[in-house]
Amino acid sequence: MTTLENRPNSALLVIDVQQGNTAEAYNRDGVIANINTLVERARTEGVPVVWVQHSDEGMPEGSDEWQYVPELQRKDDEPLVPKHYGDSFEGTDLESVLAARAVGRVVVTGAQTDACVRATLHGALVRGYDATLVADAHTTEDFRQWGIPVSPEQVIAHTNWYWTEAAAPGRKGDTVPTAEVSFGTT
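What this report covers is the structure whose coordinates are included nearby.

## Notes on the side chain of aspartate 16
Relative to the helices and strands, aspartate 16 resides in the loop between strand E1 (9-15) and helix H1 (19-22). Under the relative-accessibility criterion, aspartate 16 is labelled buried at 0%.

Quick look at the structure:
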């Protein structure tokens, strides 16, 4: 359904699963295991895996916090998109990376649910992509000590729920668990 012409392919996005923002993340090990499952499936099926890596004051480029978690290993031929904003498309070459691979649908995994994952989902939809959120392959930390009124589980559940209804003319969002992800054409 994508509104992007001649873009029948899907890509797996692995967003910001870095040491600095996942050390205390909810269900960290389970989420990373699910992402690894999807990475391996995508590779086996010839689906592009695109890695996104955030840097800012809390995760300066080159620092230990900025590094991807050791459980996830990017292959040299898989694109790495550095970013400085929540939306993985903003101020990056993500669009050209996806266009070169005829991608019209992104399958989204990563961290933090309530920041970069949500921003990227919305960024994809408004740019013409279909966007699938993998329900059990994104996570966030507990921010209640800083005034967020809900637990990480509630943030994740709410995001999974509302993204099932995401839509815009000619494109859609959906939410599926790892076991139900299909990388088929759009």
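## Section: the nonpolar core
Among the nonpolar cores identified, the biggest contains 25 residues, and Leu98, Val106, Tyr129 and Trp163 are the most heavily contacted of them. Listed by contribution, the elements that provide at least two residues to this core are E1, strand E2 (49-54), helix H3 (94-100), strand E4 (103-111), helix H4 (113-126), strand E5 (130-139) and helix H5 (152-163). Leucine 98 has contacts with Arg7, Ala11, Val50, Phe89, Val103, Val106 and Tyr129, leaving out every residue within four places of it along the chain. Core analysis: the next-biggest nonpolar cluster, separate from the first, contains 21 residues, Leu12, Val17, Ile35 and Val69 among them.

## Considering the packing of aromatic side chains
Here the structure, examined in full by the defined rule, presents four aromatic pairs. Considering the side-chain rings of phenylalanine 89 and tyrosine 129, the 5.3 Å spacing of their centres and the 40° angle between planes classify their relative orientation as tilted. Remark: tyrosine 129 occurs in the loop between H4 and E5 and phenylalanine 89 occurs in the loop between strand E3 (80-83) and H3; sequence separation between them is 40 residues. Of the two residues examined, phenylalanine 89 and tyrosine 129, each falls in the buried class.

## Describing the packing of H4 against H5
Contact geometry for H4 and H5: axes closest at 11 Å, N-to-C directions at 10°. When the interaxial angle is binned, H4 and H5 end up roughly parallel. The segment H4 lies against H5, with Thr113, Asp114, Arg118, Leu121, His122 and Leu125 engaging Val155, Ile156, His158, Thr159, Tyr162 and Trp163. Of the residues belonging to the contact of H4 with H5, the class tally is six nonpolar, four polar and two charged.

## A short note on unusual backbone geometry
When glycine is set aside, most residues are seen to have a negative phi, and most peptide bonds are trans. Put simply, alanine 111 and glutamine 112 share a cis peptide bond, and its omega is -20°. Considering the arrangement of structural elements, one finds glutamine 112 in the loop between E4 and H4. Phi at asparagine 27 takes a positive value of approximately 50°, unusual for a residue other than glycine. As for its position among the elements, asparagine 27 is in the loop between H1 and helix H2 (28-45). Positive phi is not limited to glycine here, since alanine 102 has a value of about 55°.

## Let's talk about H5
The end-to-end C-alpha distance of H5, which contains 12 residues, comes to 16 Å, matching closely the 16 Å that a straight helix rising 1.5 Å per residue would cover. Turning to H5, its buried residues are Pro152, Val155, Ile156, Thr159, Asn160, Tyr162 and Trp163. At its buried positions, H5 is contacted by H4, E5 and strand E7 (171-176).

## Observations concerning the pattern of salt bridges
Scanning the model with the defined rule gives nine salt bridges in all. The closest approach of N and O atoms between glutamate 71 and arginine 28, which form a salt bridge, is 2.8 Å. Of this pair, glutamate 71 sits in the loop between E2 and E3 while arginine 28 sits in helix H2, and the two are 43 residues apart along the sequence. Judged by relative accessible area, glutamate 71 falls into the partly exposed class, the value being 35%.

## A few points about empty space enclosed by the protein
Within this structure, the stated rule accounts for one cavity of 30 Å³ or more. Reported here for the largest cavity is a volume of approximately 30 Å³. Around the largest cavity, the lining residues are Asp114, Thr140, Glu141, Asp142, Phe143, Ile148, Val150, Ser151, Pro152 and Val155. Grouping the constituent residues of the lining of the largest cavity by class yields five nonpolar, two polar and three charged.

## Remarks on the sheet that holds E1
The sheet built from seven strands is open, its strands ordered E3-E2-E1-E4-E5-E7-E6 with mixed pairing. Edge strands, defined here as strands with exactly one partner in the open sheet, are E3 and strand E6 (167-168). Where E1 meets E4, seven bridges bridge the pair, whose relative direction is parallel. Each residue of the ladder has a partner; that of alanine 11, found in E4, is valine 106. Sheet strands in contact with H2 are E1, E2, E4 and E5, and its direction is about 135° off that of E5. Across the sheet, H5 lies against E5 and E7, angled at about 160° from E5, the strand it touches most.

About the cut-offs
- Each chain carries its own residue numbering, running from 1 in the direction its sequence is written.
- Predicted model: local features are reported for residues with pLDDT of at least 70 only, side-chain atom pairs are reported and counted for 80 or more only, and whole-chain, interface and lining totals are derived from all residues.
- Side-chain figures throughout are based on the complete set of non-hydrogen atoms in the structure, without hydrogens or water.
- Think of it this way: any DSSP run of H or I at least four residues long counts as a helix, any run of E at least two long counts as a strand, and we number them from the N terminus.
- Throughout, exposure labels follow a simple rule: accessible area from a 1.4 Å probe, protein chains only, divided by the maximum for the residue type, with under 20% read as buried, over 50% as exposed, and the rest as partly exposed.
- Throughout, nonpolar core names a set of buried Ala, Val, Leu, Ile, Met, Phe, Trp, Tyr and Cys residues whose side chains join them through atoms within 4.5 Å.
- In what follows, residue pairs with any heavy atoms lying within 4.5 Å of each other are defined as contacts.
- Note on aromatic pairs: the rings of Phe, Tyr and Trp (six-membered ring only in Trp) are paired at centre separations within 6.5 Å, and the planes decide the class, stacked below 30 degrees, edge-to-face beyond 60, tilted for the rest.
- Angular values range over 0 to 180 degrees, each being the angle between N-to-C directions of two axes fitted as lines to C-alpha atoms, with helices fitted over their stretch in contact.
- Roughly parallel means an angle under 35 degrees; roughly antiparallel means over 145; roughly perpendicular covers 65 to 115; every other angle is labelled oblique.
- Classes in brief: Ala, Val, Leu, Ile, Met, Phe, Trp, Tyr, Cys and Pro nonpolar; Asp, Glu, Lys and Arg charged; the others, Gly included, polar.
- Here the expected span of a helix is defined as 1.5 Å times the quantity of residues minus one.
- For this analysis, a salt bridge means a side-chain nitrogen from Lys or Arg found within 4 Å of a carboxyl oxygen belonging to Asp or Glu.
- In this analysis a 1.4 Å probe is tested at points of a 1 Å grid over the protein atoms alone, and where it fits but cannot get out there is a cavity; an open set with protein on both sides within 12 Å along at least five of seven lines is a pocket; lining residues have an atom within 4 Å of a point.
- Grid points are joined across faces, edges and corners, and a volume is the space filled by probe spheres set on the points.
- A pair of strands is considered paired only if DSSP assigns at least 2 bridges between the two.

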